[in-house]
Amino acid sequence: MLDLSNQLPFAQGYNRLCYEHPLDSARCLKIVRPENIAARAQRQSRLKQLLGTNRLNDNTQEIIAHNQHAIRELLATGLENLVWAHLPRFYGRVQTSLGEANDSELIRRADGSVAPTLETVMQDHGLTPELEKGIGEFLDWLKQTRILTRNLLPHNLVVTDRSGRSQLFLVDGLGAPTIPRALASVPGWSSHYLDRKIDRFRKRLAWEQHSEGLSWEDFQRLR
Ligand SMILES: Nc1ncnc2c1ncn2[C@@H]1O[C@H](COP(=O)(O)OP(=O)(O)OP(=O)(O)O)[C@@H](O)[C@H]1O
Ligand SMILES: [Mg+2]
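So, here's what we can say about the structure. From a predicted model like this one, the values you see are computed outputs, not experimental measurements. (Residues numbered from 1 in each chain as written. Chains lettered and ligands numbered in written order. Predicted model: local features only at pLDDT ≥ 70, side-chain atom pairs only at ≥ 80, totals over all residues.)

For the rest of this paragraph, the subject is the overall build of the protein chain. Across its full length, the protein chain holds 10 helices and 7 strands. A compact globule built from 223 residues would reach a C-alpha radius of gyration of about 17 Å, and the protein chain, at 18 Å, matches this within 12%. Principal-axis analysis of the C-alpha atoms places the extent of the protein chain at approximately 45 × 45 × 45 Å. Looking at the protein chain as a whole, 22% of its 223 residues are labelled buried. Within the protein chain, counting contacts between residues at least 6 apart in sequence, those at least 24 apart form 61% of the total. (Helix = DSSP H or I, 4+ residues; strand = E, 2+ residues; numbered from the N terminus. Rg over C-alpha atoms; globule rule 2.2 N^0.38 Å. Buried ≥ 20, exposed ≤ 12 C-beta atoms within 10 Å, placed from the backbone. Contact = placed C-beta atoms within 7 Å.)

Neighbouring ligand 1 are 23 residues, the closest being Ala11, Gly13, Tyr14, Asn15 and Asp172. Among the elements of the structure, β1 (11-12), β2 (16-21), β3 (24-32) and β5 (99-105) are those that each provide at least two residues to the shell around ligand 1. Of the residues contributing to the shell around ligand 1, the split by class is 11 nonpolar, 7 polar and 5 charged. When residues of the shell around ligand 1 are assigned to domains, at least three fall in each of domain 1 (1-106) and domain 2 (108-223). (Near = placed C-beta within 6 Å. Nonpolar A, V, L, I, M, F, W, Y, C, P; charged D, E, K, R; others polar. Domains from an automatic or database assignment.)

Within the largest apolar cluster, 29 residues are counted, with the highest numbers of intra-cluster contacts made by Leu157, Val158, Leu168 and Phe169. The set of elements that each furnish at least two residues to this core consists of β2, β3, α6 (118-125), α7 (129-145), β6 (157-160) and β7 (167-170). Each of domain 1 (1-106) and domain 2 (108-223) accounts for three or more of the residues forming this core. If we skip the residues at most four places from it in the chain, phenylalanine 169 touches His86, Leu87, Pro88, Ile107, Leu157, Val158 and Thr160. (Core = buried A, V, L, I, M, F, W, Y, C linked by C-beta atoms within 7 Å.)

What follows is the structure, encoded as structure tokens:
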């Protein structure tokens, strides 16, 4: 079992705490915040409560998401490097002193620091041509691989310069739980789904830059 008792998380989201792997600084361990699952379970209907909390566990959902058709096919045909070009390498579930964790590649910058999110980079430097290029490459990769994601959010992408240019990695939000499994591999369906995700992401980037005082919900409705 991996001991995390002497460590503080290097980052956290609404659902999970992120720790550096105690034996490998190139990996991170994500632990679901227990209070979060409990709170979400309480808001569910009685029927959904009976179906269990696995559906609410982001780590379980992430494992299912990595098992999606597009990723399995690419790995089976030896296109590993393509899969991990914009996705942290994924090592599955491990036991820690804080409970089960998902083990994945910790994306760092060339100087060794943890890569910042796209949200932070945009706040600090705006949407520079260099960053635009990185975003374009990431979206081309999505279209090429047909890897399915949830809504793309700037705080779930990190930006690294480790290869000498700006590269985006999706650290959270893989998978498409709303698409029935059988449809996910039908090209027409997945393209349509992806186009909508990309449109929404572009809109989100526009909002991050000039929200004009509008909430994200109002901005989407009015634009
Ligand atoms: N592989 C990684 N490499 C570098 N930083 C990471 C990585 N994974 C997560 N992070 C950082 O930790 C933060 C939280 O991680 P993550 O998004 O997985 O948590 P979450 O609780 O599931 O998020 P949300 O609030 O979107 O549900 C990210 O926004 C990012 O800053
Ligand atoms: Mg997140």
